[in-house]
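Remarks on the overall topology
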Amino acid sequence: MADLEVSNLSVHYKKLTATHSVSLSANSGDIIGFIGADGAGKSSLMHAIAGVIHFEGTVSYKGYTYHSPQECEKIKPEISLMPQGIGLVLYDTLSVEEHLEFFADIRDIKQDEKFLAYKEKLLHMSGLSEFTKRLAGNLSGGMMQKLSLICALLHRPKLLILDEPTTGVDPLSRLELWDILDAIRKEEGTIALVSTAYMQEAAKMDKILLFDEGKIIAQGSNAELIDSIRPFTYQALKEYREDVITFDKRSYSLAPLQAQVAEPTLEGLFFINALKNNKTLPPVEIGDKEQQESVPPVIMQAKGLTKYFGDFIADDHIDIELKSAEILGLLGANGAGKTTFIKMLLGLYKIDEGSLSLLGKDIKSADDRLELKSKIGYVSQHFALYNDMTVRENLIYFANMHKIPLDKALQRIKKYAYELGFAPYMDKFPTELPLGVNQRFSIAAALLHEPLVLFLDEPTSGVDTIARAQFWQILHKLKEKWGISILITTHYMSEAEYCDRVVLLKRGKKIADDTVANLYKAHPDAKSFEDIFLSYFEAQI
Amino acid sequence: MRINIIKAYMLKEFKELVRTRLIVMVYLLPSMILILFGYGIRMDVSHARLIIIDNDQSKLSQTLSSKFEHTKYFDTVERHMSETQALREIKQAKKDAILIIPSSFEKNLLKGEKSELGIFIDAAFPTRGTTIETYIQGTILSMAKEVLAKKGVAQKGMITINSRSLFNQAMRDEDAIVPGLIGLVLLIAPAILAALLIVKEKEKGTIFNFYASPLSKNEFLAAKLLPAFLLHSLNIFILFLLSVYLFEVPFRGSFFLYWLASELYILVSLSLGMFISVITKRQIVAVVLTVIITLIPGFLYSGIIMPISSMDGASQIEAHLFPIMYYNHIIYDTFLIGEGFASQKNLLYLGILLLFTLVLFSVGKLLLKKEMK
Amino acid sequence: MKSFFTVFSKEIISFMRSIPLVAVILYSFTADIYIAGAGMQIKPRNVVIGYVDNSGGGLSQKILSHFHQPEFVTPKPYLSQKALSRAIFNKEVLVGLIFNSDFEKKYKKHEDTQLDVLIDATAASQSLTTLAYLHNIILDFEKVDIPLKLQSHKLFNQNADNHSFMALTELLSMITLLSVILTAIVFVKEKEDGTWDLMLLMPVNPKIIILAKSASQVFIVTAGVVLALGFVILTTFNTPLNGSFWSFMLLTLLYGFSSAGIGLFVAAISKDVMQVAQLSIVIMMPLIFLSGAWTPIYAMSPVFQKLSLISPLRYYIEGSESIFYRGTAFVDLLPYFGGVTLLGVLLYWYGFRKIGRLF
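Notes on the structure follow. Along each chain, residue indices are assigned from 1 in the same order as the chain's sequence is written. Note on labels: chains are lettered from A, ligands numbered from 1, in written order. For this predicted model, a pLDDT threshold of at least 70 governs which residues receive local features, and a threshold of 80 or more governs which side-chain atom pairs are given and counted, while totals over whole chains, interfaces and linings are taken from all residues. The side-chain figures draw on all heavy atoms in the structure; neither hydrogens nor water molecules are used.

1. Description of the overall build of chain B
Counting secondary structure elements, chain B contains 14 helices and five strands. Every radius of gyration here is taken over C-alpha atoms, with the globule rule written as 2.2 Å times N^0.38, N being the number of residues. Here chain B has a C-alpha radius of gyration of 28 Å; the compact-globule value for 373 residues is 21 Å, and the former is much larger. Projecting the C-alpha coordinates of chain B onto the three principal axes gives extents of approximately 95 × 45 × 40 Å. The cut-offs for exposure are 20% and 50% of the maximum accessible area for each residue type, with area from a 1.4 Å probe on protein chains only; residues under the lower value are buried, those over the upper are exposed, and the others partly exposed. Taking all 373 residues of chain B together, the buried fraction comes to 62%. In DSSP terms, a helix is any run of H or I states spanning at least four residues, a strand is any run of E spanning at least two, and both are numbered starting from the N terminus.

Next comes the structure, spelled out in structure tokens:
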């Protein structure tokens, strides 16, 4: 019998069944990866195993079997749960050091020399040693996640349950988190259950479980899973076929194709599964813009843009140019100053130093922005939408605010709903929809007035693989059909490759600005863009 | 119950309270309510603005006017104006009452002939209106009696009322209101704090630290409620000092009883807050619910506005279902009466407060689940 | 103007969608006001009188028979002064009368007689009124022939009907409470959700958005006022409306904006709903209690009198009471309109600067 045996476990939320009779097993030292779309039942299963939610079925851990949170109490000293959400379990007003003390105390750990040495090691591994006095509320997202993780590791748990510990975390921090995890399981023989949206990360796990609609539909090691989809993976087809999904250099098909086979990646698993469920990824069709305008060759020109928050310099004399019909990726670690930069461009933050011109117009004061407002689209980090109005009402509202005549607005909304694939959800409320749908309809809201430039702040964080694939298709079509310019920030390094040019920010300074191809040339050893990114950041820490 | 775990959790609570500045509310709110209500509510009428239109201008009418001028109840002005003009001043809310003395007032009174005095009162605020009316009538009649007695007109023996106000000889509003306010304040403030402390973790997500750790329900509750209890224990003294020194309310009873009852009462309030935070999910809902449950009934049944003994059947029962009535009985005793532990009723009420604590706490604890909903 | 209605109607839709909120508003403007009007009583009612009668009856019983419902409960006899004092100590009795053994004798001999009265002065207002009542009974009883006729007119509220007054006061407090909180919440919710940034980026003057959003909340409150007037104030309690209905509605509208301005101010300086709640309590408590609703401004301490000048509620309460009871002419109401408007303009000016602009 394995150290951890889960059998026929189901979790019900009100009337909804989140997890259907799931079984799994794991042994000491195993890292088990959970992957799957939003709402596939990963979190519910984790909550059930950690004994924080009522469930049906049994869990047995090292011979002790429990059926309810009450029965789980007995082994809670052995368990650690890190729930989903950046900094969710942290107290904003406590410092890093105080968090460690607090978590040690509530776990009743004796603070002897051995513990102190362990604590130092964790701090060092997480790179938080210098920041022990900083309040959690002032940490960047990546640091928060690392702090949450070492707090969860403090009592040397034998069963570690981590729910998307790396979402919203920059690649460098992700790597550090992974190192910590790997070291611990080797030293402590910890069983780790980890869910993730990053496939490069999942690839490193001992075993991967793919969740869909509350069930585990595929499992195995990275190699096994990749093997399982190899027969269905081909080089990208040129033309669209209904039974084929094509994305990023590869095509997936259940029926044999007359095409060259390609080496699959884990992402392929999602596409194959979609095909098995008779779902396809119809190509995005974006219609032409209704009115054509002449566009200056340089859409945005920032020179020496600087922002201070007290003594802290969020953005330090940044020069960035956005050309017409260009997709520019803005990358950087958490807290590097990306969001601040975009907010300065939009006028949501005051520009402390430097000059800015948008669409050929110098921005000196808010008055200069008035006529530009109808030419800029913006999607913020959290897809700011009105949750008490349906998708349709939201869109009509935004159209009205943009003073688009109603008949024209309705026409456009209908068109976008179809083109961006959220037509079936028009009368639903945003809170009822998967993140990927919200994301596409936020884009629609930002496109209603046919802007010349789009500013997108982390539009893909937490969105599942397929939805992200569709999202990027939309962006490329927009560029192609409308000649729109896009400035986008993301933590998915694979997405950097879809950009025409990328700018890297580090601690408020620009450290690289080039096309993806040129960057690859400059880093001949790099296997993926992630490697290039890391080379910039690891260089001088 | 592991003491060091509770201590560690409490330490964290204190740090958070201080750093989120919630602690300001802990001390600001009670004192603010006490001061605002203490200064802002006046049940008796003083400085009512009275116009006297003296059409007689005799010695007797002057005497009458000066009677009004020498009382704290009225701010009097003597004017020569028409009734209409004076009424307009009332309509503009510049004056509260008019007294019109007729031209042959002295002559008629001494002759024993009837003369008619006109009184106009702004009764928009009815209670005040009635009181002002009573005062004016009383002043005039007592003066008339005096004058007539001097002239030997009155022949009958008279009944004089010899009233003794117990507990509050000076009939000061402060003495009557401020102790009752302590009961109101110590009901609202600790309940809000306790409600916030738990629901805050639920809303933020840090409640997972409790769910997923071996911390027991008792330890968690102790860690949450003790800081609130200790912080508000200081309020017992602050409110006492404000009452005695700022409002100069006498303190005649046992301080020990005051302290004991207050600590017990804070426990009642905390248990109520805890109960609310267990059944709610969002901070704002918890706060609003706490305020609704505590403020209005607390005010109604505090005895400030009307004594419980004067309430109707239904209100009378409701008042007994609410802790403030019991506590305020003890508080009024300690400030104004001074029976202390000798009074069986005080002891009984202490017991009832204890019962409130036990029941509310047990129900709250029963409903608190160490799992997600 | 079209943008104004877009925002306005969107807010109304959002409001209607939140059923608990609608329920709270309906409750606040109907049941709550009814309860306040029906339940709050400051006049003596059911006052419990105890007495010790050593005089042998007759005269004492005649006096006692004057105490009757609804003001008084039938007086309770006690055997000794000690027992009576105990009852007062235990708050079972509010006023105690002691008839000495020579009470009736002396009175019949036309000597001056004394009636001892014990009063629980912790309930000062009831006690005082009871005492005044007692004086009147005795005066009446003695039938002293004073040749004076006191022609007393209680203006505006002849029956001294307390219910209508309390209900009106509660309505005015409710208007304040809801305009401030509702407005603060609609703004802070947008700030929290990030939609406010989007609104600032719309090609619409942010001032119009701010005005439209607050107007929607003022509209909701005004609708509540109409409801309260129709179902509770003017009907159930028969509150007199001696002035013009439209003056009151206009004053309410202006005041609604002014207190929405306070809400805007609160939202502008707070980060989340929690801070809004805390700040609203701190700002509104003084506002309501120093408004003159409970104690007239002139009877307060001088510092509070000065402070009350910056409370829009002060003007509103005085103005509304004047309209309802005093039937004051429009010209004489102008100071109230002026005060409310001026404070509102200042608050909006701050709100526009703080959250209503790009850089």
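2. Focus: the pattern of salt bridges
All names here are of chain B. For this document, the term salt bridge refers to a Lys or Arg side-chain nitrogen within 4 Å of an Asp or Glu carboxyl oxygen. One pass over the structure, following the stated rule, counts 48 salt bridges over all chains. With a closest N to O distance of 2.8 Å, Glu-219 and Arg-2 form a salt bridge. Within this pair, whereas Glu-219 is found in helix α9 (residues 217-246), its partner Arg-2 is found in the segment before α1 (3-19), the two being separated by 217 residues in sequence. With relative accessibility at 3%, the residue Glu-219 sits in the buried group. Under the relative-accessibility criterion, Arg-2 is labelled partly exposed at 30%. One salt-bridge network, held together by shared partners, links Lys-12, Glu-13, Glu-16, Lys-200, Glu-201 and Lys-224.

3. Details of the packing of aromatic side chains
Between rings of Phe, Tyr and Trp, where Trp is taken as its six-membered ring, a pair exists when centres lie within 6.5 Å; planes separated by under 30 degrees are stacked, by over 60 edge-to-face, and by other angles tilted. All chains considered together, the criterion is met by 57 aromatic pairs over all chains. Taking 6.3 Å as the distance between ring centres and 35 degrees as the angle between the ring planes, the aromatic pair formed by A:Tyr386 and A:Phe398 counts as tilted. Residue A:Tyr386 is found in the loop between β19 (376-379) and α12 (391-401), and its partner A:Phe398 is found in helix α12; the two are separated by 12 residues along the sequence. For the pair A:Tyr386 and A:Phe398, one class covers both residues: buried. Between B:Phe240 and B:Phe251, the aromatic rings sit 4.9 Å apart at their centres with planes inclined by 85 degrees, giving edge-to-face as the arrangement.

4. Description of the packing of helix α7 (residues 173-204) of chain B against α9(B)
All names here are of chain B. Every axis corresponds to a line fitted to the C-alpha atoms, with the helix fit spanning only the stretch in contact, and the corresponding angles, defined between N-to-C directions, vary from 0 to 180 degrees. Axis separation between α7 and α9 bottoms out at 10 Å; the angle between their running directions is 155 degrees. Here α7 lies roughly antiparallel to α9, going by the angle between them. As α7 runs across α9, the sense of the crossing is right-handed. Contact with α7, carried on its side by Val-178, Ile-182, Val-185, Leu-186, Ala-189, Pro-190, Leu-193, Ala-194, Leu-197, Ile-198 and Glu-201, involves Phe-220, Leu-221, Lys-224, Leu-225, Ala-228, His-232, Asn-235, Ile-236, Leu-239 and Ser-243 of α9 and no other residues of that element. Any residue outside Ala, Val, Leu, Ile, Met, Phe, Trp, Tyr, Cys, Pro, Asp, Glu, Lys and Arg is labelled polar, Gly included; the first ten of those are nonpolar and the last four are charged. Among the residues making up the contact of α7 with α9, the classes are represented as 16 nonpolar, three polar and two charged. Each angle receives one of four descriptions, namely roughly parallel if under 35 degrees, roughly antiparallel if over 145, roughly perpendicular if within 65 to 115, and oblique otherwise. Each crossing is labelled by how the near helix is turned from the far one, with a counterclockwise turn of less than a right angle marking it left-handed and a clockwise turn marking it right-handed. A contact between two residues is defined here by any heavy atoms of the two lying within 4.5 Å.

5. Side note on unusual backbone geometry
Residue and element names in this part refer to chain A. For Asn-8, which is not a glycine, the phi torsion comes out positive at approximately 50 degrees. Within the secondary structure, Asn-8 is located in strand β1 (residues 4-13). Residue Glu-164 is not a glycine yet carries a positive backbone phi of 45 degrees. Taking relative accessible area as the criterion, Glu-164 reaches 9% and is therefore assigned buried.

6. With respect to the side chain of A:Thr166
Following the sequence through the fold, A:Thr166 ends up in the loop between β7 (159-162) and α6 (171-188). Not counting the four nearest positions on each side in its chain, A:Thr166 is found in contact with A:Gln145, A:Arg174, A:Leu177, A:Thr196, A:Tyr198 and A:Glu201.

7. Points about the interface of chain B and chain C
Between chain B and chain C, the residue contacts involve 91 residues of the former and 87 residues of the latter. Approximately 8,600 Å² of surface area, both sides summed, lies buried where chain B meets chain C, with 66% of it carried by carbon and sulfur atoms. Across the contact surface, chain B and chain C share four salt bridges. A salt bridge links C:Glu92 to B:Lys345; the shortest N-O distance between them is 3.2 Å. Polar contacts, as counted here, are pairs of nitrogen or oxygen atoms within 3.5 Å of one another; within protein the pair requires one atom able to donate a hydrogen and one able to accept it, and residues that are adjacent in sequence qualify only if both atoms are side-chain atoms. Where chain B packs against chain C, one counts four residue pairs in polar contact (both at pLDDT 80 or more). Top element by residues in the side of chain B that touches chain C is helix α6 (residues 126-151) of chain B. It accounts for 13 residues. In terms of residue class, the side of chain B that touches chain C is made up of 50 nonpolar, 22 polar and 19 charged. By buried area we mean how much accessible surface two parts lose on assembly, using a 1.4 Å probe and totalling the loss over both.

8. Focus: helix α3 (residues 96-106) of chain A
Within α3(A), nine of the 11 residues are buried, which leaves the element mostly enclosed by the surrounding structure. For α3(A), the full list of buried residues reads A:Val96, A:Glu97, A:Glu98, A:His99, A:Leu100, A:Phe102, A:Phe103, A:Ala104 and A:Ile106. Where the residues of α3(A) are buried, they touch α4 (113-126) and α5 (141-153) of chain A together with α1 and α8 (207-211) of chain B. Of the residues flanking the end of α3(A), it is A:Asp108, one or two places downstream, whose phi is positive at about 55 degrees.

9. Focus: empty space enclosed by the protein
Definitions used throughout: a 1 Å grid over protein atoms alone; a cavity as a set of points that fits a 1.4 Å probe which cannot get out; a pocket as an open set with protein on both sides within 12 Å along at least five of seven lines; a lining residue as one with an atom within 4 Å of a point. Grid points are joined across faces, edges and corners, and a volume is the space filled by probe spheres set on the points. Throughout the structure, instances matching the rule amount to eight cavities of 30 Å³ or more. Considering only enclosed or pocket space, the largest cavity measures out at about 250 Å³ in volume. Lining of the largest cavity is provided by 24 residues; of these, A:Ile376, A:Gly377, A:Tyr378, C:Leu198 and C:Leu201 occupy positions nearest its centre. Listed by contribution, the elements that provide at least two residues to the lining of the largest cavity are α10 (338-346), β19 and α14 (435-447) of chain A together with α9 (195-201) of chain C. Counting residues per element, the lining of the largest cavity draws most heavily on β19(A), at four residues.

10. What about the sheet that holds β19(A)?
Residue and element names in this part refer to chain A. The strand order β19-β20-β21-β16-β22-β23 describes an open sheet built from six strands, whose pairing is mixed. The open sheet has two edge strands, β19 and β23 (509-515), and neither has a second partner. Mean inter-strand twist for the sheet, computed between neighbouring axes without regard to direction, equals 15 degrees. Pairing between strands is defined by DSSP: at least two bridges between them are needed. Here strand β16 (residues 327-332) runs beside strand β22 (residues 501-506); their pairing, made up of five bridges, is parallel. The residue bridging Leu-331 from the neighbouring strand is Leu-504, located in β22. In the packing of α14 onto the sheet, contacts are made with β19 and β20 (453-456), and the angle to β19 comes to roughly 160 degrees.

11. As for the interface of chain C and chain A
Listed as interface residues are 24 residues of chain C and, on the opposing side, 26 residues of chain A. Together chain C and chain A conceal approximately 2,600 Å² of surface at their shared face, both sides included; 63% is due to carbon and sulfur atoms. In this assembly, chain C and chain A are joined by three salt bridges. Between A:Glu393 and C:Arg17 there is a salt bridge; the shortest N-O distance is 2.7 Å. Taken together, the connections running from chain C to chain A amount to 10 residue pairs in polar contact (both at pLDDT 80 or more). Split into classes, the residues belonging to the side of chain C that touches chain A amount to 12 nonpolar, five polar and seven charged.

12. Quick look at the pairing of strand β3 (residues 97-101) of chain B
Residues and elements named next belong to chain B. Most of β3 is tucked away, with five of its five residues classed as buried. The two faces of β3 match: Ala-97, Leu-99 and Ile-101 on one face and Ile-98 and Ile-100 on the other face are all buried. Looking at chain direction, strand β1 (residues 48-54) and β3 are connected through five bridges and run parallel. Across the sheet, residue Ile-52 finds its bridge partner in β3, namely Leu-99. Pairing analysis gives four bridges linking β3 to strand β4 (residues 115-122), with the strands arranged antiparallel. If you follow Ile-100 over to β4, its bridge partner there is Gly-118.

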